[in-house]
Amino acid sequence: MSDSSTSYFDIQTLLRDNIRRLQPYNSARDDFQGAAQVYLDANENPYPSAYNRYPDPHQHALKEKIADLKGVSPEQIFLGNGSDEAIDLLIRAFCEPHVESILTAEPTYGMYAVCAHINAVQVQKVLLNELYDIELDRIGDVVNNSTKIIFLCSPNNPTGNLLNSEAIHEILDRFYGLVVVDEAYIDFVPGKSFLPFLHQYPNLVVLQTFSKAWGLAGLRLGMCFANKAVIRILNKIKYPYNLNAATLNIVADALDQPFKKDIWVEEIVRERDRLARALLQIRIVERVYPSDANFLLVRVRDAQATYRALMAEQIIVRDRSQVELCRNCLRITVGTPREDDLLLFALGNL
Ligand SMILES: *Cc1c(COP(=O)(O)O)cnc(C)c1O
C-alpha cells in the first residue's frame, strides 16, 4: 500500500485499456429524455400491454427515489441485476485477465472469488483474525501492483460481524485501487454504513441490496454507490436493459413505504437475539457468534451430521464447516418465531 501522503486515485490508469477505449452500445432512448409522442425506434409491439416497451436503460425514476432515501446523488448510483452484477462488472472493468488481482478477506462471501475466476482474474486471499476482523498488516503484506480491488464485507457473511471501521478507513486512505464495502446486511445495523464517506474517498464503492432486509430477493435488485467516474464506467459496460420493468415498478412502490422494512428489521433483530439465547441452551451447540446481521454463525459438535439430520427434518441451513476459520459451523438465517421453534426442537432432539 502507498503512504497516505502520496496516495492518489486516477480512474483512467486503474481501468483496463479495452474498457477505456470501448465505444458503448447506444440506443435512441439515450438521445431523448422524457416522454415522446411516438416511439418507432426499438421494434417493439405498439399495442399497449403492461410491458410492451423496453424499460428505461438508466432507471432515472428509481434512482431519484433511492438517492433521496440514501442522501446521495443519482449519478452516484448504479443499479444491477442483484449486487452480483455490480461485483462482476467491477472486476471486468478494472482487472486485466491473467495479470491482475482482487483481494478478499476470508472467510467471506463466495461470489467475489467466483466472479474473479470466471474472468481469469487472480484472487489474493487474506485471513481474518480469530475475532473475524481485518488485520492491516496481513493485507499490506499481500497487496502488490497487481491488486486492483479490495473486497470487504461488513457485516461479513458468513461470520455476521461488522468489520473494524477504523481499519476500513485506513485501507481507503492507503490503497490506490478500489475498496468495495459490501453492505448487504447494513439495514440490520443502522448508522454503520460507509455511504456518508463517499465524498471523502474517490476509491470507495458501497454495495447494498433489496434482497435481505427489504424482502425482495426474487426481484434481483442490487445497488452500487461510488463516485460519478466509477458509476459512469459501470453504466458503459452493463447490458443496456439490465433491469426489467416489473422490478423497477415494484421496488418503486416498496420505496414509498420504507417503514415496512424498518418494522421487519426490528422484528428480525429481536428474534435473532432470542434464537441466539435459545441455541446456547442446546446440548450440541458449542458457540453462537455475535451477529450484526439476519443470521447466526453457530458452532456445533459435528456440523455435517447436524446439517444432514436437519435436512432429514426438512429444515435447511447452510453448512460452512469446510470454510477456513469456520470449523463445525452452520450459518442459520433468522426465520419467523415458528420456523425458529421448529429448528430449536429438531436440534434439541439430536
Ligand atoms: C446475499 C448477499 C449478496 C447478494 O446480493 P444480491 O443483491 O441478491 O445479488 C451480496 N453480498 C453479500 C455479502 C450477501 O450475503
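Residues numbered from 1 in each chain as written. Predicted model: local features only at pLDDT ≥ 70, side-chain atom pairs only at ≥ 80, totals over all residues. Heavy atoms only, no water.

(A) Broad picture of the side chain of Q59. Take Q59: it is sitting in the loop between helix 3 (28-31) and helix 4 (60-70). You can call Q59 buried: its relative accessible area is 2%. A distance of 3.0 Å separates polar atoms of two side chains, one belonging to Q59 and the other to N242. Setting aside residues no more than four positions away along its own chain, Q59 makes contact with L79, K238, N242, L243 and L248. (Helix = DSSP H or I, 4+ residues; strand = E, 2+ residues; numbered from the N terminus. Buried < 20%, exposed > 50% of the residue type's maximum accessible area, 1.4 Å probe, protein only. Polar contact = N/O pair within 3.5 Å; in protein donor to acceptor, adjacent residues only side chain to side chain. Contact = heavy atoms within 4.5 Å.)

(B) Quick look at the sheet that holds strand 8 (residues 285-288). Pairing is antiparallel across the open sheet formed by four strands, whose spatial order is 8-9-11-10. The sheet is open, and its two edges are formed by strand 8 and strand 10 (318-319), each paired on a single side. With three bridges connecting them, strand 8 and strand 9 (residues 295-300) associate as antiparallel partners. Within the sheet, the bridge partner assigned to V285 lies in strand 9 and is V300. (Pairing = 2+ DSSP bridges.)

(C) Summary view of the sheet that holds strand 5 (residues 178-182). Strand order across the open sheet formed by seven strands is 1-7-6-5-4-2-3, with mixed pairing between neighbours. The sheet is open, and its two edges are formed by strand 1 (77-80) and strand 3 (122-127), each paired on a single side. The sheet shows a mean angle of 20° between the axes of neighbouring strands, taken without regard to direction. Direction of pairing for strand 5 relative to strand 6 (residues 204-209): parallel, over a ladder of four bridges. By the bridge assignment for strand 6, V180 is matched with V205. Where helix 9 (residues 228-237) meets the sheet, its contacts fall on strand 1, strand 5, strand 6 and strand 7 (222-225), and the angle it forms with strand 1 comes to roughly 30°. (Axes fitted to C-alpha atoms, helices over the stretch in contact; angles between N-to-C directions.)

(D) A look at the pattern of salt bridges. Under the defined criterion, the tally for this structure stands at 14 salt bridges. D273 is the salt-bridge partner of R272, the closest N and O atoms lying 3.2 Å from each other. Among the residues examined, R272 registers a relative accessible area of 8% and is labelled buried. When salt bridges with common partners are traced through the structure, they connect D187, K261 and D262 into a single cluster. (Salt bridge = Lys/Arg side-chain N within 4 Å of Asp/Glu carboxyl O.)

(E) Inspection of the site of the ligand at higher detail. With respect to spatial proximity, 13 residues lie near the ligand, and among them D182, Y185, T209, S211 and K212 are the closest. The separation between an oxygen atom of the ligand and a polar side-chain atom of T209 is 2.6 Å. Within the complex, 93% of the 390 Å² of free accessible area of the ligand lies under protein. Residue composition of the shell around the ligand, grouped by class: four nonpolar, five polar and four charged. (Near = heavy atom within 4 Å. Areas by Shrake-Rupley, 256 points an atom, 1.4 Å probe, with all protein chains shown as cover. Nonpolar A, V, L, I, M, F, W, Y, C, P; charged D, E, K, R; others polar.)

(F) Here's a closer look at the confidence of the model for the protein chain. The pLDDT averaged across the protein chain works out to 95; a share of 98% of its residues lies at or above 70. Confidence over residues 2-6 falls short of pLDDT 50; this stretch has four contacts with residues more than four positions distant or in other chains. (pLDDT = per-residue confidence, 0-100.)

(G) Structural view of the nonpolar core. By size, the foremost hydrophobic cluster in this structure holds 48 residues, and its most contacted members are L62, I66, I134, L152, F210 and F225. It is helix 10 (residues 245-255) that contributes the most residues to this core, five residues altogether. F78, I91, A226 and I233 belong to the second largest nonpolar core, which has 34 residues in total. (Core = buried A, V, L, I, M, F, W, Y, C linked by side-chain atoms within 4.5 Å.)

(H) Geometry of the packing of helix 5 (residues 83-94) against helix 9. Between helix 5 and helix 9, whose axes approach to 10 Å, the crossing angle comes to 100°. Overall, the two elements helix 5 and helix 9 adopt an arrangement that is roughly perpendicular. The residues of helix 9 that touch helix 5, namely those facing L89, L90 and A93, are V230, I233, L234 and I237. When the residues that make up the contact of helix 5 with helix 9 are grouped by side-chain class, the tally is seven nonpolar, no polar and no charged. (Parallel < 35°, antiparallel > 145°, perpendicular 65-115°, else oblique.)

(I) Main features of the state of the cysteines. Following the criterion strictly, the structure yields zero disulfides and no others. Here C95 stays unpaired: no disulfide links it, and the sulfur of C115, its closest cysteine neighbor, is 11 Å away. Residue classification places C95 among the buried residues on the basis of a relative accessible area of 1%. Of all cysteine sulfurs in the structure, the one in C115 sits closest to C224, which takes part in no disulfide; the separation is 13 Å. (Disulfide = S-S within 2.5 Å.)

(J) Molecular detail of the environment of D88. Along the chain, D88 falls in helix 5. Placed 220 residues apart in sequence, D88 and R308 show a C-alpha to C-alpha distance of 33 Å. Apart from residues no more than four positions distant in its own chain, D88 is found in contact with C115 and N119.

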